[in-house]
Amino acid sequence: MEQSEQGSENPRQRTVTPLPKIQVFIVILMQLTEPISATVIFPFINQLVLSTGVTNGDEKKSGYYAGIIESVFFFSESLTTMLWGHASDRYGRRTILLLGPLGLAVVTSLFGLSSKYWTLILFRSLQGVFNGNLGVSKTVIAELSDATNMATAFSFTSVMWQVGVTIGTSLGGILSDPAEHWPKSTLGKAPLLRSHPYLLPCLATGFISFNIFIVAFIGLKEVNFLVTSAAENTSASYDSVTRPFTRPRSTSEDTLVAIEDFQTKNADLQRTITFRTLLTSEDVLRPLSSLALLSFLETSISVLIPITYTTSIVNGGLGLTAMQLGTLLSIGGAAGLIFSAIGVPPLIRYFGVWKMHFAGMSALIVGFSSIMMACLTAKRAGYADKTTWIFVAIQYASYIILPLGFTTSQMFVVNGAPSRDALGTTNGMVQSARTLARTVAPVCVMSLFSISKEYNIVHGQLSYVVCLLITICGLRNILKLPRELNRL
């Protein structure tokens, strides 16, 4: 009886396996390149577009051309993530991961040197290509973790995204056009920076990417067991840190299992898992669609907040200044970082993956509803009154909970992969779906925002109503996900 009770011990009560800290740190650090390179252009993109002459001086058209530049980043990233993931399954994780920050260091600097619109499109697309290998980093995290510590490992990805966005927008705002901001300084007088006013933040971004490449080149080890030699496989210790999906074993058990794995590995590799196999697997498609919807909605609320809060109260906004908005975003970002770092892992371990995934998606209903109510109360009062700020606080509190959804959705993806051999390809598909959603979301919701304001559809709140309906669809999809992750 006692032995039976021990064997049925709740997985959440198992001892947490220590993560290989250095390797996880390097992989998480490499994920910092995507949000920095994605957001560094946001503060100055309109002025940069105007400087190319593509709008013929018409400032009203700059938003259209700026939107294209912002979208091609995620579009090209979505087209290449599956290819990077498949390549990592064949040639190893380390090689593919190293190409990302090195390529970014070059093309981001070239973006800052561009003075023609077509070259901006070209180098922005290449930035997306070199960010396309970040799906591989999630595969590496899965291979370095197990069921007891995977929530902790993946929670850092949300932290890195928030840190990167903060760094990227800060670099873009502070370092752009030094000739205007610091005309008497050395940077302000530099001829190259005067002729290319937005080169400096791009160089800073490239410098960060190159230093991350150096750190990874020195410290990152190959973790994909598919590309190791026979001798390494038979002598390595396959414990729960390096081999997720397995329980901890003794040294003798490890040796026997490693030999057995190696003997069957060649036969396993003959059964190549194709994209078609993954696309017809419900275990893959459901978490994939959940993550895509979550990415679409998260991107939607991220682009709607700035335009809504800075729109005049008469036109259905809150009438905030840029500085007021920046203060709100900074406070919200800091709170989100703290929650992602210390709140997400214990909540997932205590309540379970499925419940926290549902909570993360549900937070969007609160978020979109709160924005609508904040705008309606401000318009009724003629200013942002106390009630308005209460709804703003509720909206930001719900926004902070979003990392729960992303962390748990990645765990569902790992659980749904048909085998370890397919982790790279599966995560490549996930990254493609996520970046494609980020490409489509701004165009869709911003168009709905403009149409609803112009024609007063649903009191100018059409974009939020549509997002609420999409959120409900996302919750229905989560109801069909497994309550327990039986492969972790």
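Reading the values: the criteria
Residues numbered from 1 in each chain as written. Predicted model: local features only at pLDDT ≥ 70, side-chain atom pairs only at ≥ 80, totals over all residues. Heavy atoms only, no water. Helix = DSSP H or I, 4+ residues; strand = E, 2+ residues; numbered from the N terminus. Buried < 20%, exposed > 50% of the residue type's maximum accessible area, 1.4 Å probe, protein only. Contact = heavy atoms within 4.5 Å. Areas by Shrake-Rupley, 256 points an atom, 1.4 Å probe, with all protein chains shown as cover. Phe/Tyr/Trp six-rings, centres within 6.5 Å; stacked < 30°, edge-to-face > 60°. Lys NZ or Arg CZ within 6 Å of the ring centre and 35° of its normal. Salt bridge = Lys/Arg side-chain N within 4 Å of Asp/Glu carboxyl O. pLDDT = per-residue confidence, 0-100. Core = buried A, V, L, I, M, F, W, Y, C linked by side-chain atoms within 4.5 Å. Axes fitted to C-alpha atoms, helices over the stretch in contact; angles between N-to-C directions. Parallel < 35°, antiparallel > 145°, perpendicular 65-115°, else oblique. Left-handed = near helix turned anticlockwise from the far one by under 90°. Nonpolar A, V, L, I, M, F, W, Y, C, P; charged D, E, K, R; others polar. Expected span 1.5 Å × (residues − 1). Polar contact = N/O pair within 3.5 Å; in protein donor to acceptor, adjacent residues only side chain to side chain. Patch = residues over 30% accessible without salt bridge, like charges linked within 9 Å, V, L, I, M, F, W, Y side chains within 5 Å.

1. Remarks on the overall build of the chain
Link 1 in the chain: A tally of helices and strands in the chain yields 23 helices and 0 strands.
Link 2 in the chain: Buried residues in the chain amount to 52% of all 488 residues.
Link 3 in the chain: Put simply, of all contacts in the chain between residues at least 6 apart along the chain, 80% involve residues at least 24 apart.
Link 4 in the chain: For the chain, the computed accessible surface area is about 22000 Å², with 65% contributed by carbon and sulfur atoms.

2. Comments concerning the side chain of serine 463
Link 1 in the chain: Within the secondary structure, serine 463 sits in helix H23 (residues 462-478).
Link 2 in the chain: Excluding residues within four positions of it along the chain, serine 463 makes contact with Leu304, Val445, Leu448, Phe449 and Ser452.

3. Observations concerning the packing of aromatic side chains
Link 1 in the chain: A full pass over the atoms with the stated rule returns 5 aromatic pairs.
Link 2 in the chain: Judged by centre distance (6.0 Å) and plane angle (35°), the ring pair of phenylalanine 210 and phenylalanine 213 falls under tilted. Of the two residues, phenylalanine 210 and phenylalanine 213 are both situated in helix H13 (residues 199-219); the distance of 3 residues between them amounts to about one turn of the helix.
Link 3 in the chain: Since its relative accessible area comes to 13%, phenylalanine 213 is described here as buried.
Link 4 in the chain: Ring-pair connections join several aromatic residues into one group, and the members of that group are Phe210, Phe213 and Phe217.
Link 5 in the chain: In this arrangement the basic side chain of arginine 483 is found over the ring face of tryptophan 354, its NZ or CZ atom lying 3.9 Å from the centre.

4. Considerations on the pattern of salt bridges
Link 1 in the chain: What the rule picks out here adds up to 3 salt bridges.
Link 2 in the chain: Among the ionic pairs, arginine 438 bridges to glutamate 34, the shortest N-O distance being 3.6 Å. Residue arginine 438 is found in helix H22 (residues 423-455), and its partner glutamate 34 is found in helix H3 (residues 33-39); the two are separated by 404 residues along the sequence.
Link 3 in the chain: Take arginine 438: its relative accessible area is 5%, and that puts it in the buried class.
Link 4 in the chain: According to the relative accessible area criterion, glutamate 34 is buried, its value standing at 5%.
Link 5 in the chain: Arginine 93 is the partner of aspartate 89 in a salt bridge, and the nearest nitrogen-oxygen pair spans 2.7 Å. For the pair aspartate 89 and arginine 93, a shared accessibility class is recorded, and that class is buried.

5. Thoughts on the environment of lysine 386
Link 1 in the chain: Mapping lysine 386 onto the fold places it in helix H20 (residues 386-400).
Link 2 in the chain: As for lysine 386 and alanine 374, which are separated by 12 residues in sequence, their C-alpha atoms are 9.9 Å apart.

6. Remarks on the confidence of the model for the chain
Low pLDDT means the predicted coordinates in that region are not meant to be read closely.
Link 1 in the chain: Residues at a pLDDT of 70 or more form 77% of the chain, whose mean pLDDT is 76.
Link 2 in the chain: The spread of mean pLDDT over the elements of the chain runs between helix H14 (residues 230-235), the lowest at 36, and H13, the highest at 93.
Link 3 in the chain: Contacts for the low-pLDDT stretch residues 224-271, under 50 throughout, to residues beyond four places or in other chains number 65 contacts.

7. A short note on the nonpolar core
Link 1 in the chain: Counting 101 residues, the largest nonpolar core has Ile69, Phe111, Tyr309 and Phe368 as the members making the most contacts within it.
Link 2 in the chain: Apart from the residues within four sequence positions on either side, isoleucine 69 is in contact with Ile41, Ile45, Val49, Phe111, Tyr117, Leu120, Ile121 and Arg124.

8. Here we look at the packing of helix H19 (residues 353-381) against H20
Link 1 in the chain: Contact geometry for H19 and H20: axes closest at 8 Å, N-to-C directions at 160°. By the angle between their axes, H19 is roughly antiparallel relative to H20. Crossing handedness for the pair H19 and H20: left-handed. Together, Ala363, Val366, Gly367, Ser370, Ile371, Met373, Ala374, Thr377 and Ala378 of H19 and Thr387, Thr388, Phe391, Val392, Ile394, Gln395 and Ser398 of H20 make up the contact between the two elements.
Link 2 in the chain: Class assignment for the residues of the contact of H19 with H20 results in 9 nonpolar, 7 polar and no charged.

9. Here we look at H20
One turn of an α-helix holds 3.6 residues; hence residues three or four places apart share an orientation.
Link 1 in the chain: Over its 15 residues, H20 extends 21 Å from the first C-alpha to the last, a length consistent with the 21 Å expected when each residue adds 1.5 Å.
Link 2 in the chain: Those residues of H20 that sit buried are Thr388, Val392, Gln395, Tyr396, Ser398 and Ile400.

10. What about the side chain of glutamine 127?
Link 1 in the chain: Position of glutamine 127 relative to the elements: it lies in helix H7 (residues 117-131).
Link 2 in the chain: Within the structure, the side chain of glutamine 127 is placed 3.0 Å from the side chain of arginine 124, a separation counted as a polar contact.
Link 3 in the chain: With sequence-adjacent residues up to four places away left out, glutamine 127 is seen in contact with Ser37, Phe73, Leu104, Val107 and Thr108.

11. As for the environment of proline 442
Link 1 in the chain: Looking at the secondary structure, you find proline 442 in helix H22.
Link 2 in the chain: Between the alpha carbons of proline 442 and glutamate 70 there is a distance of 9.3 Å; along the sequence they are 372 residues apart.
Link 3 in the chain: Sequence-distant contacts of proline 442, defined by excluding residues within four places in its chain, comprise Thr299 and Val303.

12. Considerations on unusual backbone geometry
Link 1 in the chain: Its identity as a non-glycine residue notwithstanding, asparagine 456 has a phi of 55°, on the positive side.
Link 2 in the chain: Looking at where asparagine 456 falls in the secondary structure, it is placed in the loop between H22 and H23.
Link 3 in the chain: A positive phi angle, near 55°, is found at histidine 459, a position not held by glycine.
Link 4 in the chain: Along the polypeptide, histidine 459 turns up in the loop between H22 and H23.
Link 5 in the chain: Given a relative accessible area of 59%, histidine 459 falls into the exposed group.

13. So, a nonpolar patch on the surface
Link 1 in the chain: The grouping of Leu102, Phe210, Ile214, Phe217 and Ile218 at the surface amounts to a nonpolar patch, some 480 Å² of accessible area in total.
Link 2 in the chain: Among the elements that take part in the nonpolar patch, H13 stands out by supplying 4 residues, more than any other.

14. Notes on the environment of phenylalanine 210
Link 1 in the chain: Of the residues examined, phenylalanine 210 reaches a relative accessible area of 39% and is grouped as partly exposed.
Link 2 in the chain: Sequence separation of phenylalanine 210 and alanine 105 is 105 residues, and the distance between their C-alpha atoms is 5.4 Å.
Link 3 in the chain: If sequence neighbours within four positions are ignored, phenylalanine 210 has contacts with Pro101, Leu102 and Ala105.

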